[in-house]
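What the coordinates show
The primary structure of each chain is shown beneath.
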Amino acid sequence: MEQTHKHKKLYIKTWGCQMNVYDSNRMVDILSALGYKQVNSPEDVDMIILNTCHIREKAIEKVFSELGRLRPYKQAKESKGGKMLIAVAGCVAQAEGDIIMKRAPYVDMVFGPQVYHQLPEMVLKASSDERVINTEFPTISKFDSLPDEHTIEGASAYLSIQEGCDNFCTFCVVPYTRGAEYSRSAREIIDEAHRLVDQGVLEIILLGQNVNTYHGAGLNGGTWKLANIIRAISEIDGVERVRYSTSHPRDMSDDLIAVHGEIEKLQPFLHLPVQSGSDKILESMNRKHTADHYREIIARLRKVCPDMAFSSDYIIGFPGETEEDFEATMQLARDVNYASCYSFKYSSRPGTPAANLKEGIVPDHIASERLARFQALINEQQTAFNQTCIGRTPPILFDRKGKKPDQLSGRSPYFQSVYVQGNERLIGHIIPVKITQAFDNSLTGEIEIYEDGSKD
Ligand code: 5AD
Ligand code: SF4
């Protein structure tokens, strides 16, 4: 007898960092066991999840405005006798769950990043009309009870190896929303990497809020560091590329710097947030490193891996930042010469130590003007870096279709987006591409010859 299986529809919207993207995929996996299938529109779905990020200003306002936009979908479905659950997950839920429950009575579930493994239980409760709020930090690790199967899109996958942060940079909410630092064991990580490879993944991006503080149980007893994990992952047959993100300069240890010169699969690109070029500001941010310390790390990495390229995060307009401090920030960026870089205007996050700083508040128009100057410098650097790629033939990992017909999108070793005209069957392969044009944020190129020797 043929069974008819009606899927439930799940719409999930993700804000913020790669950790949230990873978490959303994990939630999709867990819910697939309950019959949910991800769709791209909120219309007529059975569940909506907003996976939120708390790092920026007005995060909660953005959540409420999205909830306001989505509420009519729920009303439409329920007026026809159906049911639609709305959940708010992620760091805003963790930090401001009570407010969400109060201000949005039509929200059915609110839960933080530590409890995704309890989703089936929470869905059960919410389905019987019990509102769920779950923002406690549990003592057991959520990693232990997540399913092994992954939803993989493309040939590049994130593998979360570490969570949380104990650094307490004074501007940052992560130690409060994501909790204390926790590292998975090498065994779990390596097993997960094997499963990814079995599903066709070629590139593994080791993820953690503070990934280079990794210190998990090793394979033969003892503690492993990130360098050990990188080595073990790169030795797996089928893994062609390894990356890791996000790192703290303070934890760029000698062994980690050394692997950049030793392991070819480790890609020559590193995202290394520095936040400021002024030692005074770095100290006030509780970063525990100086600008020169950062310059030295970059120099040492370039020494072991001469074609290494860098990106970073900078915060502009932190309390106490004078024109001189800002000039030190500009000088650091000039010295490093980035391939790409994120920069943010400082915004005060309630509950963080920096929110109590009362002196030297930088007026908004000055912060904006400095940010514009900084971003102009970065744009120049990024465009110049992209220009140096023209005429070269880097290996590109194709992981998805582009937006235009017959267009493919992939990544260079330096994590640049590269677009080509090509056959879809190239997705999931690494192919040399002759770069023909450079733009601010991407490259285009031509495939000269395919892996199997054919021309199309
Ligand atoms: N204001 C501005 N930028 C911030 N970031 C984190 N907290 C804040 C804040 N309060 C930036 C940092 C971090 C990136 C993910 O977000 O640069 O590295
Ligand atoms: Fe936040 Fe600092 Fe931890 Fe990064 S290292 S997550 S900026 S506290």
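Another point: the site of ligand 2. All residues in the neighbourhood of ligand 2 are listed as Cys165, Asn167, Phe168, Cys169, Phe171, Cys172, Val174, Pro175, Asn210, His248 and Arg287. Looking at side-chain class alone, the shell around ligand 2 contains 7 nonpolar, 3 polar and 1 charged residues.

The subject of this paragraph is the packing of aromatic side chains. Counting across every chain of the model gives 8 aromatic pairs. Measuring from ring centre to ring centre gives 6.5 Å for Phe171 and Phe318, while their planes differ by 85 degrees; the resulting arrangement is edge-to-face. In this pair, Phe171 sits in the loop between β8 (162–163) and α5 (174–177) while Phe318 sits in the loop between β16 (313–316) and α11 (323–336), placing the two residues 147 residues apart along the sequence. By the burial criterion, Phe171 is buried, and Phe318 matches it. With a centroid separation of 5.1 Å and an interplanar angle of 75 degrees, the aromatic rings of Phe318 and Tyr346 are classed as edge-to-face. Of this pair, Phe318 sits in the loop between β16 and α11 while Tyr346 is found in the loop between β17 (342–345) and α12 (364–387), placing the two residues 28 residues apart along the sequence. For the residue pair Phe318 and Tyr346, the accessibility class agrees, reading buried in each case. Each member of the aromatic cluster is reached from another via a ring pair, and the members are Phe171, Phe318 and Tyr346. Lying across the ring of Phe64, Arg103 places its NZ or CZ 3.8 Å from the centre.

A separate point is helix α8 (residues 254–262). Residues of α8 that are buried include every one of Leu256, Ile257, Val259 and His260, and no others. Down the axis of α8, the buried side of the element spans an arc of 155 degrees, and every buried residue falls inside it.

This paragraph deals with the pairing of strand β19 (residues 407–411). The buried fraction of β19 is high, at 4 of 5 residues. Bridge count between strand β18 (residues 395–401) and β19: 4 bridges; the pairing is antiparallel. When the bridges of β19 are listed, Arg400 appears paired with Ser409. From the end of β18 to the start of β19, which pair antiparallel, there are 5 residues, and Asp406 there has a positive phi angle of about 60 degrees. In the sheet, β19 pairs with strand β20 (residues 417–421) via 5 bridges, with the strands oriented antiparallel. Each residue of the ladder has a partner; that of Gln407, found in β20, is Gln421.

This part is about the domain arrangement of the chain. Accessible area lost on assembly of the parts is the figure often given for the size of an interface. You can read the domains of the chain as domain 1 (8–134), domain 2 (142–387) and domain 3 (395–447). On a C-alpha basis, the centres of domain 2 and domain 3 stand 25 Å from each other. On the domain 3 side, the residues contacting the 19 residues of domain 2 number 20 residues. When domain 2 packs against domain 3, close to 1500 Å² is buried across both sides, 57% of that on carbon and sulfur atoms. Of all residues in domain 2, the largest losses of buried area upon contact with domain 3 belong to Leu202, Arg241 and Asn386, amounting jointly to 34% of the total for that side. Counting across the interface, domain 2 meets domain 3 through 11 residue pairs in polar contact (both at pLDDT 80 or more). Of all the elements in the fold, those that place two or more residues in the side of domain 2 that touches domain 3 are β10 (203–207), β13 (241–245) and α12. Tallying contributions element by element places α12 first for the side of domain 2 that touches domain 3, with 5 residues. Split by residue class, the side of domain 2 that touches domain 3 holds 7 nonpolar, 7 polar and 5 charged.

What counts and how
- Residues numbered from 1 in each chain as written.
- Chains lettered and ligands numbered in written order.
- Predicted model: local features only at pLDDT ≥ 70, side-chain atom pairs only at ≥ 80, totals over all residues.
- Heavy atoms only, no water.
- Near = heavy atom within 4 Å.
- Nonpolar A, V, L, I, M, F, W, Y, C, P; charged D, E, K, R; others polar.
- Phe/Tyr/Trp six-rings, centres within 6.5 Å; stacked < 30°, edge-to-face > 60°.
- Helix = DSSP H or I, 4+ residues; strand = E, 2+ residues; numbered from the N terminus.
- Buried < 20%, exposed > 50% of the residue type's maximum accessible area, 1.4 Å probe, protein only.
- Lys NZ or Arg CZ within 6 Å of the ring centre and 35° of its normal.
- Arc of directions from axis to C-beta.
- Pairing = 2+ DSSP bridges.
- Domains from an automatic or database assignment.
- Contact = heavy atoms within 4.5 Å.
- Buried area = accessible area lost by both parts, 1.4 Å probe.
- Polar contact = N/O pair within 3.5 Å; in protein donor to acceptor, adjacent residues only side chain to side chain.

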